[in-house]
Amino acid sequence: MDVTGKVVLITGAARGIGAEVARQLAARGARLALVGLEKAQLDEVARQTGGKAWEADVTDWDVLERVTNEVAEHFGGIDVVVANAGIAATGFVRSMDPKAFERVIEVNLLGVWRTVRTALPHLIKSRGYCLVVSSLAAIVHIPGNAAYSAAKAGSEAFADSLRAEVRHLGVGVGTAYFSWIATDMVNSADEHPVFGKLRQGMPGLASKKYPVRNVGRAVVKGIEKRAKAVHVPGWVGAVKYFRAFTPVVVDRQSAKEVADADRQMAANDTSGLVGPGGRAADR
């Protein structure tokens, strides 16, 4: 797919991965529909990229349906959807704020489903491409990240089923798997007094953060290839082949740290949504 002139709808476009993907697609001549919260931030990305912004919560059916129809009417169709909107919450299951846990599931999983469902008629018309943003967290399930891992694993499964369902309609479906990326969300999680230490204490490459520009390049290339999978960094793709062993590795690595971290989480009530995106999505 040559992205020049193609209409790309990106959710979660106000900052982080969504904004970087928008900037790199704009440099290649794509026409951008930017969907998200944080209106001022979203408008600034639209100004930078020449795109058009729509403020919308991806969990709101009525708003999403209206927005996708408006995008299609404004641009004459939709060629690509990047279902990227996502938030994170830190906390252990036994002490975590239930509202924060469920909001992560609602945005990161149900928000993907609602985005795809409302945009799918337009993708079928254009025989377009949909990229569902999952995560390395769908493969490796670390303590303190249960809500995020559950939502991202669900998004991966959703995309796999969707791919088989719409192939005969000419629609391509890809899944994106990213490790820790230097976004506001991850940087804010690192500031958490308990989870931050757990994450940064992971061994070797498992704790490294990668520049968001790397994700932008990989996503653009994935769209151009109508790829089934996009990995940042590349080694994430190899981890998928060993996912049966990842729970054993996580159990062994975290055995010495989890008990103390769990006590701190329960005692200090420090769970909740993280970063500016989390605050915007909190309701």
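Provided above is the structure to which this section pertains.
On a predicted model such as this, the values are computed, not experimentally measured, just so you know.

Calculation notes
- Note on numbering: residues in each chain are counted from 1, in written sequence order.
- Since the coordinates come from a predicted model, pLDDT governs what is reported: local features require at least 70, and pairs of side-chain atoms require 80 or more to be given and counted, while whole-chain, interface and lining totals use all residues.
- For the side-chain quantities, the full set of heavy atoms in the structure was used; hydrogens and water were omitted.
- Only the stretch in contact is used when a helix axis is fitted, and all axes are lines through C-alpha atoms; the angle between N-to-C directions ranges over 0 to 180 degrees.
- In DSSP terms, a helix is any run of H or I states spanning at least four residues, a strand is any run of E spanning at least two, and both are numbered starting from the N terminus.
- Reported orientations rely on four angle classes, namely roughly parallel under 35 degrees, roughly antiparallel over 145, roughly perpendicular from 65 to 115, and oblique for the rest.
- Less than a right angle of anticlockwise turn of the near helix away from the far helix marks a crossing as left-handed, whereas a clockwise turn marks it as right-handed.
- The contact definition used throughout considers only heavy atoms, calling two residues in contact when any of these lie within 4.5 Å.
- Each residue gets one of three labels, nonpolar for Ala, Val, Leu, Ile, Met, Phe, Trp, Tyr, Cys and Pro, charged for Asp, Glu, Lys and Arg, and polar for the others, Gly among them.
- Remark: nonpolar core denotes a set of buried residues (Ala, Val, Leu, Ile, Met, Phe, Trp, Tyr, Cys) joined through side-chain atoms within 4.5 Å.
- Here's how the labels work: a residue is buried when its accessible area is under 20% of the maximum for its type, exposed when over 50%, partly exposed in between, all with a 1.4 Å probe on protein chains only.
- Any Phe, Tyr or Trp ring, taking Trp's six-membered ring, that has another such ring centre within 6.5 Å forms a pair; planes under 30 degrees apart are called stacked, those over 60 apart edge-to-face, and the others tilted.

Let's talk about the packing of helix α4 (residues 98–126) against helix α5 (residues 146–166)
Where α4 contacts α5, the two axes come as close as 7 Å, and the packing angle between them is 15°. In terms of orientation, α4 lies roughly parallel with respect to α5. Here α4 runs over α5; the crossing is right-handed. Contact residues: α4 offers Phe101, Val104, Ile105, Asn108, Leu109, Val112, Trp113, Val116 and Leu120, while α5 offers Ala146, Ala147, Tyr148, Ala150, Ala151, Lys152, Gly154, Ser155, Phe158, Leu162 and Val166. Grouping the amino acids of the contact of α4 with α5 by side-chain chemistry returns 16 nonpolar, three polar and one charged.

With respect to the environment of Phe245
Relative to the helices and strands, Phe245 resides in the loop between α9 (235–239) and α10 (246–254). Sequence-wise, Phe245 and Val140 are 105 residues apart; in three dimensions their C-alpha atoms are separated by 9.4 Å.

What about the nonpolar core?
With 34 residues, the main nonpolar core has Ile10, Leu25, Leu34 and Phe178 as its most contacted residues. In terms of residue count, the dominant contributor to this core is helix α8 (residues 212–225) (six residues). Residue contacts for Ile10: discarding those within four places in its chain leaves Gly18, Val21, Ala22, Leu25, Leu32, Ala33, Leu34, Val35 and Val82. Judged by nonpolar contacts, the second largest core, of 25 residues, contains Leu9, Val112, Val132 and Leu162.

Some remarks on the packing of aromatic side chains
Two aromatic rings, taken as a pair, are described by how far apart their centres are and by the angle between their planes. If you walk through the whole model with that rule in mind, you get two aromatic pairs. Ring centres of Trp54 and Phe75 lie 6.4 Å apart, and the angle between their planes is 55°; this geometry places the pair in the tilted category. With Trp54 in strand β3 (residues 52–55) and Phe75 in helix α3 (residues 61–75), this residue pair connects regions lying 21 residues apart in the sequence. Neither Trp54 nor Phe75 differs from the other in exposure class; each is buried. For the ring pair Trp61 and Trp113, a centre distance of 5.5 Å and an interplane angle of 85° mean the geometry is edge-to-face. Note that Trp61 is positioned in helix α3 and Trp113 in helix α4, a separation of 52 residues in sequence.

Comments concerning the packing of helix α1 (residues 16–26) against helix α2 (residues 39–49)
Relative orientation of the contacting elements α1 and α2 amounts to 15°, with a least axis distance of 9 Å. As summarised for this structure, α1 and α2 are arranged roughly parallel, according to the angle between their axes. In terms of crossing hand, the pair formed by α1 and α2 is right-handed. Of α2, the residues touching α1 (which contributes Ala19, Ala22, Arg23 and Ala26) are Val45, Gln48 and Thr49. Of the residues in the contact of α1 with α2, the class split is four nonpolar, two polar and one charged.

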